[in-house]
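# Structural overview for review
The residues making up each chain are set out below.
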Amino acid sequence: MTSAPTHPTDPAVDGHAPRAASLTAVRPAASPQRLLADLVPPRHFAQARFATYRANPAFPSQAATLARLEEAAQEIAAPPRARGLFGGRRRAAGAPAVYLDGGFGVGKTHLLASLAHAVGVEHTAYGTFVEYTNLVGALGFLPTVDALAAKKLVCIDEFELDDAGDTTLMSRLLRELTDRGVAMAATSNTLPEALGEGRFAAEDFLREIQALAARFEVLRVDGDDYRHRAVVTDSEPLPADVVAAVAAARPDATLDTFEGLLDHLGGVHPSRYGALLDGVGLLALTDVRPVTRQEVALRLVVLVDRLYDRDVPVLLAGAGEKGLFTDEMLRGGYRKKYFRALSRLGALAEDGRALASRPLEAG
């Protein structure tokens, strides 16, 4: 079990000023049941529905994809004996498998979450690629298949293939689930045939990619970034004393040095990063600096994704997110992950700056 962070320093003791809790003091435990229960649309998209998606008439593919997903939702939600009423668009395994491809900010995640809500969150597993691979690591492959096969729909947001092992694992998982009649829906900024390009050339890897692609109906979502902002948001860092004061004024805030948090993440399995943030409403970091080690940077990416899913604002002192990842990282095989993390962290940092600009409440 994991409880909300507690404050290590009582403001009445020794005359010390109040200090926010430390996230590094939290040792999260996440049971397999908790990991399964967490497979729901993120808080950021809790209200996403087909009716709230605004298709841009300048990009007809948006309306076409919306219509196809509305049809798929009816198909998936239908009782098993009634399935097949929609005819030739069904997959051979008996359930739809759709793949939303498009750039940043065109509403792919909104559409994916809307599909989950239309089918029913109780009938849907919704997670990122990493969350599913973590689930297999925690439960084992066959128990994961059995657990997910109880759902009508499995949604995979930000489908990504970082190594041949993950590719083989996910391909096998999806094959098992589609063979059991589970519907699939995934998003990515890359067509399934192009996933993994430039990373591995092994014949087995390429064969897995092609087999995976064959299971999906590709739905293109063209358009401009609805946020009308750069992929990377460079939010100006805050003074360390301001970060500490704002964090100390909120009972749901944590305050850590950047180095201390990165060290702590190395001792926590990424599948538990969601549990690590239980009860956290604001995350504050001092001495933020560039990350130069890839394994550390990838752990940070997972944490940023969990923060973004939960709409947790961040306060950054030091260098901020500017230059957080090296140029080599931003040119390498994981560049999509890093750019996504910078974009999300920048947005959360702007939320944090908005909080910091408000007068601190007494007490």
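Note that the structure is a prediction, hence the values are computed from the model and not measured.

## Focus on the overall build of the protein
- For the protein, the helix and strand inventory stands at 13 helices and eight strands.
- For the protein, the proportion of its 363 residues judged to be buried stands at 50%.
- Within the protein, contacts between residues separated by at least 24 positions form 84% of all contacts whose residues are at least 6 apart in sequence.
- With the model as given, the accessible surface of the protein reaches about 16,300 Å², and the carbon-plus-sulfur share is 53%.

## Considerations on the packing of helix α11 (residues 294-309) against helix α13 (residues 335-356)
- At their nearest, the axes of α11 and α13 sit 9 Å apart, and the two run at 45° to each other. The orientation of α11 relative to α13 falls into the category oblique. Taken as a pair, α11 and α13 cross one another with a handedness that is left-handed. Within the contact between the two elements, α11 uses Gln 294, Ala 297, Leu 298, Val 301, Val 304, Asp 305, Leu 307 and Tyr 308 and α13 uses Lys 337, Tyr 338, Arg 340, Ala 341, Arg 344, Leu 345 and Leu 348.
- In the contact of α11 with α13, the residues fall into ten nonpolar, one polar and four charged.

## A look at the confidence of the model for the protein
- A residue-level look at the protein finds 79% of positions with pLDDT of 70 or above and a mean pLDDT of 82.
- In this model residues 6-16 is a low-confidence stretch, pLDDT under 50, and it forms 14 contacts with partners more than four residues away in sequence or in other chains.
- Between residues 82-93, whose pLDDT stays under 50, and residues either more than four places distant or in other chains, the model counts 26 contacts.

## A short note on the sheet that holds strand β8 (residues 314-318)
- Read across the open sheet, the three strands follow the order β6-β7-β8; overall the sheet is parallel. Edge positions in the open sheet fall to β6 (253-257) and β8, since each of these has one partner strand only. Between one strand and the next, the sheet's axes are offset by a mean angle of 15°, whatever the strand orientation.
- As defined by bridge partners, β6 adjoins strand β7 (residues 282-288) across five bridges and the pair is classed as parallel. Bridge pairing in β7 links Thr 257 to Thr 286.
- Lying over the sheet, α13 contacts β7 and β8, oriented at roughly 90° with respect to β8.

## Regarding the side chain of Ser 271
- Mapped onto the elements, Ser 271 comes out in the loop between α9 (258-265) and α10 (273-276).
- One polar contact links Ser 271 to His 269, side chain to side chain, over a distance of 2.8 Å.

## As for the packing of aromatic side chains
- Considering all chains together, one arrives at two aromatic pairs under this definition.
- Their ring planes at 80° and their centres at 5.3 Å tell us that Tyr 99 and Phe 216 sit as a pair that is edge-to-face. Here Tyr 99, found in strand β1 (residues 97-101), pairs with Phe 216, found in the loop between α7 (203-213) and β5 (217-220); they are 117 residues apart in sequence, far enough to count as distant.
- You can call Tyr 99 buried: its relative accessible area is 1%.
- With a centroid separation of 4.6 Å and an interplanar angle of 35°, the aromatic rings of Phe 325 and Tyr 338 are classed as tilted.

## Focus: α11
- The terminal C-alpha atoms of α11 lie 23 Å apart, and with 16 residues this matches the ideal 22 Å at 1.5 Å per residue to within 8%.
- Of all 16 residues in α11, twelve are buried, a share of seventy percent or more.
- When α11 is considered as a whole, its buried residues turn out to be Val 296, Ala 297, Leu 300, Val 301, Val 302, Leu 303, Val 304, Asp 305, Arg 306, Leu 307, Tyr 308 and Asp 309.
- Count one or two residues on from α11 and you reach Asp 311, which has phi positive near 55°.

## Comments concerning the sheet that holds strand β4 (residues 183-188)
- As summarised here, the arrangement of the five strands in space is β2-β3-β4-β1-β5, forming an open sheet in which the pairing is parallel. Two strands close off the open sheet at either side, each with one partner strand: β2 (124-128) and β5. Along the sheet, successive strands turn relative to each other by an average axial angle of 15°, direction set aside.

## Looking at the environment of Ala 147
- Mapped onto the elements of the fold, Ala 147 is located in helix α5 (residues 141-149).
- C-alpha separation for the pair Ala 147 and Leu 36, spaced 111 residues apart in sequence, amounts to 8.1 Å.

## Focus: the pairing of strand β3 (residues 153-157)
- Within β3, five of the five residues are buried, leaving the element largely enclosed by the surrounding structure.
- The two faces of β3 match: Leu 153, Cys 155 and Asp 157 on one face and Val 154 and Ile 156 on the other face are all buried.
- Looking at chain direction, β2 and β3 are connected through five bridges and run parallel. Across the sheet, Thr 124 pairs through a bridge with Leu 153, a residue of β3.
- As paired elements, β3 and β4 share four bridges and run parallel to each other.

## Quick word on the pairing of β7
- Taken across its seven residues, β7 has six buried, putting it largely inside the fold.
- Two elements, β7 and β8, share four bridges in a ladder whose sense is parallel. Within the sheet, the bridge partner assigned to Ala 284 lies in β8 and is Leu 315.
- In this fold, β7 hands off to α11, which returns the chain to β8; that crossover is right-handed.

What counts and how
- Residues numbered from 1 in each chain as written.
- Predicted model: local features only at pLDDT ≥ 70, side-chain atom pairs only at ≥ 80, totals over all residues.
- Heavy atoms only, no water.
- Helix = DSSP H or I, 4+ residues; strand = E, 2+ residues; numbered from the N terminus.
- Buried < 20%, exposed > 50% of the residue type's maximum accessible area, 1.4 Å probe, protein only.
- Contact = heavy atoms within 4.5 Å.
- Areas by Shrake-Rupley, 256 points an atom, 1.4 Å probe, with all protein chains shown as cover.
- Axes fitted to C-alpha atoms, helices over the stretch in contact; angles between N-to-C directions.
- Parallel < 35°, antiparallel > 145°, perpendicular 65-115°, else oblique.
- Left-handed = near helix turned anticlockwise from the far one by under 90°.
- Nonpolar A, V, L, I, M, F, W, Y, C, P; charged D, E, K, R; others polar.
- pLDDT = per-residue confidence, 0-100.
- Pairing = 2+ DSSP bridges.
- Polar contact = N/O pair within 3.5 Å; in protein donor to acceptor, adjacent residues only side chain to side chain.
- Phe/Tyr/Trp six-rings, centres within 6.5 Å; stacked < 30°, edge-to-face > 60°.
- Expected span 1.5 Å × (residues − 1).
- Right-handed = clockwise from strand over helix to strand, strands pointing away.

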